[in-house]
Structure formats: C-alpha cells, structure tokens
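What follows is each chain in one-letter form.
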Amino acid sequence: MSGVTVRVPAKVNAQLAVGAARPDGFHDLANVFLAVSLYDEVTAAPADGLTVTCEGPDADKVPLDRTNLAARAAELLAARHGIAPDVHLHIKKDIPVAGGMAGGSADGAGALLACDALWGLGTPRDVLLEICAELGSDVPFSLVGGAALGTGRGEKLTELPVGGTFHWVFAVADGGLSTPVVFGEFDRLAEGVDIPEPAASPALLEALATGDTAALAAGLANDLQAPALSLRPSLAATLAVGTDAGALAALVSGSGPTTAFLVKDAETATAVAAALTASGTCRTARVATSPAAGATVLPAV
Ligand code: ATP
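Residues numbered from 1 in each chain as written. Predicted model: local features only at pLDDT ≥ 70, side-chain atom pairs only at ≥ 80, totals over all residues. Heavy atoms only, no water.

A. Expanded view of the domain arrangement of the protein chain. Domain annotation of the protein chain identifies domain 1 (4-160) and domain 2 (166-290). Placing a centre on the C-alpha atoms of domain 1 and another on those of domain 2 gives a separation of 22 Å. If you look at the interface, domain 1 gives 31 residues, while domain 2 gives 38 residues. Taken together, the connections running from domain 1 to domain 2 amount to two salt bridges. Between Arg-286 and Asp-94 there is a salt bridge, with the nearest N and O atoms lying 2.8 Å from each other. Where domain 1 meets domain 2, there are 15 residue pairs in polar contact (both at pLDDT 80 or more). Within the residue set of the side of domain 1 that touches domain 2, elements represented by two or more residues are β1 (4-21) and β2 (27-45). Element by element, the count of residues in the side of domain 1 that touches domain 2 is highest for β1, at eleven residues. For the side of domain 1 that touches domain 2, the residue count by class is 19 nonpolar, seven polar and five charged. (Domains from an automatic or database assignment. Contact = heavy atoms within 4.5 Å. Salt bridge = Lys/Arg side-chain N within 4 Å of Asp/Glu carboxyl O. Polar contact = N/O pair within 3.5 Å; in protein donor to acceptor, adjacent residues only side chain to side chain. Helix = DSSP H or I, 4+ residues; strand = E, 2+ residues; numbered from the N terminus. Nonpolar A, V, L, I, M, F, W, Y, C, P; charged D, E, K, R; others polar.)

B. Representation of the site of the ligand. The environment of the ligand is made up of 22 residues, and the closest members are Ala-98, Gly-100, Gly-104, Asp-138 and Thr-179. Leu-69 is positioned with one of its backbone polar atoms (N or O) 3.0 Å from a nitrogen atom of the ligand. If the ligand stood free it would expose 620 Å²; the protein chains cover 78% of that surface. The element that contributes the greatest number of residues to the shell around the ligand is helix α2 (residues 103-118), accounting for four residues. In terms of residue class, the shell around the ligand is made up of nine nonpolar, nine polar and four charged. (Near = heavy atom within 4 Å. Areas by Shrake-Rupley, 256 points an atom, 1.4 Å probe, with all protein chains shown as cover.)

C. Inspection of the environment of Ala-260 at higher detail. Along the chain, Ala-260 falls in strand β10 (residues 259-263). In sequence terms Ala-260 and Ala-10 are 250 residues apart; their C-alpha atoms lie 12 Å from each other. In contact with Ala-260, not counting residues within four places along its chain, are Val-12, Trp-168, Val-169, Phe-170, Ala-249, Ala-250, Leu-251 and Ser-253.

In structure tokens form, the structure reads like this:
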C-alpha cells in the first residue's frame, strides 16, 4: 500500500457558551459544533520513523516536529498498540492556521484515521474517540463531523440532527489568535462578573434540526467574541462589511480571528465573499456549506 489519504472538515461554532474558569484552569463549555466544507487532507505513507510535511498557503505556519497534532496522533495510536510510529504524514492544508476553525484538530483526527488504516489496526471507534479527546478538546468533533453538542471541555459529544444545508462565508484574517490567550482575555473581562453555567440554546438546536437559516442566524452566539474583539478590534470592521453586504448574521468563529457569516443561499454567499475581499478588511474570503462529513478515508487513486 503506498498511502492512505483522509479528508477532514473545519468547524464553526454555532454556539460557544463559556463557563467560569475551573480550578484546573479549563472552562466548562456548551459548544454547538458544525462541520463546514473547508478541508485538510492528511496522507499517511510507509516510512522509517515519523516525519511530517505540509503544503498550502499557510504551510510555513505549521510546525513539522512532534508538536504537530498529526504527529502526536500517530504517536498515541502507535503507543496504544505497542508498535513504532513509522509513518510519513503529509498535510494538504486548506483550513486557516490558528483561525478558530480547528485546523490542527482536523489534522490530528485525520492522521489518526489514516494511520489506523495504513497500519491495518482496525481500532474501535470508541478508542479512536478516546485518543482524540487526549489530543485536544476539538479533536473528537473533527472525527465525527456533521453537528454535535460538546460539553465538559467540549470533548464530550452528542451528535445533533441537521435538517438542511446552511451557507457560510468565512473571512480569513491576517495572522492568528492563540486560543489560550483568548480564554485568558475572557477571564480578564469576566473578573467580578457572575458567569452562568453554560447551556445549549433550545431555539438554536431546533433551528439546526429544522434547517431554518433565519432562526439559526438569530441564535448564533459566541462568548469568545468579546475577548477576540478586545484583542483584535479591527475584526469589528470585517463583521460590519459582511452584515452590510447581506449576511443574516456575523460572528467570530471560535477563538477567532476568522469571522463567519451565515447567508441565505449560495448566490448571496458569492456576493458577501466578493464584498469582504474588496473591503481590504481581511486576507481572503471563503465560501462553504454545512453540515460536512467528519474524517473520511478517500478512495485510493
Ligand atoms: P481551535 O479552533 O481548535 O482553537 P485554531 O483553528 O485556532 O484551533 P490551529 O490551526 O489548530 O488553531 O492551530 C493552533 C496552533 O497549533 C498553531 O499555531 C500551531 O502552532 C499548532 N499546530 C499543531 N499542529 C498543527 C497542525 N497540524 N496544523 C496547524 N497548526 C498546528
């Protein structure tokens, strides 16, 4: 076998409710994940030892050492089975790096599935999900895709029904925002404020289940938006451009700095993307739909 390629989607958080900091520093979350049709591809090929390469416009921002989540996934899977992590991992990167769209998590889930197939391990799904949770809070969702509610640190997943296709535009910003730094800013802004227990909004879950774009637009909410805007005030201008161009709703994607725009159809998506690109308030704009399938092994070519 020459290699196994897995395609993995990015995510947007339709709702990200953040609780107060716990004694261990993590936050309880109610995280409504929606997979979107922007994909990385991870190829696992036979090799002596573990190596990682990456291609794509953001490739220079991706670490190629053992801190890469794809490499860590290969190591954890090999350790579970008591074998050496002999694999070459190649990442074809299309998901913005450090953009709040779980690109690194996608590569972790992709590498896990690709190595499992390459090494012929047949690891049960629940064990793969355990390894994903060990890799990071967003990794289990990258494996599962579709839509899901994440609780705990976001890693305990309940799959959610989705009753239609949603159209999105994503404005990719210059430079990333570090997720821990954004949570730190959340804590700073939350000082002295009574933070409620995070809970998923029933109206939002209903909007997803019925495929009602207008209701979803009304329910989109991200508690990391205020800290992301506090750290990167220029994102407010990007949000305004998308809304003025006809988006039904605009929000920061996860910890940012990517911004997400929900639109009513594909035609509006093209118009909003053109307005965002022309505005000069972002690096580039991408059109996508949701839900998208989770990590999937592609047929050999
Ligand atoms: P999330 O939405 O899960 O908070 P993110 O999309 O904001 O994450 P990532 O693209 O996952 O951010 O990257 C965050 C950091 O993780 C990067 O700056 C990089 O140093 C590191 N990293 C490790 N592995 C990868 C990978 N495979 N791809 C991209 N970044 C990686």
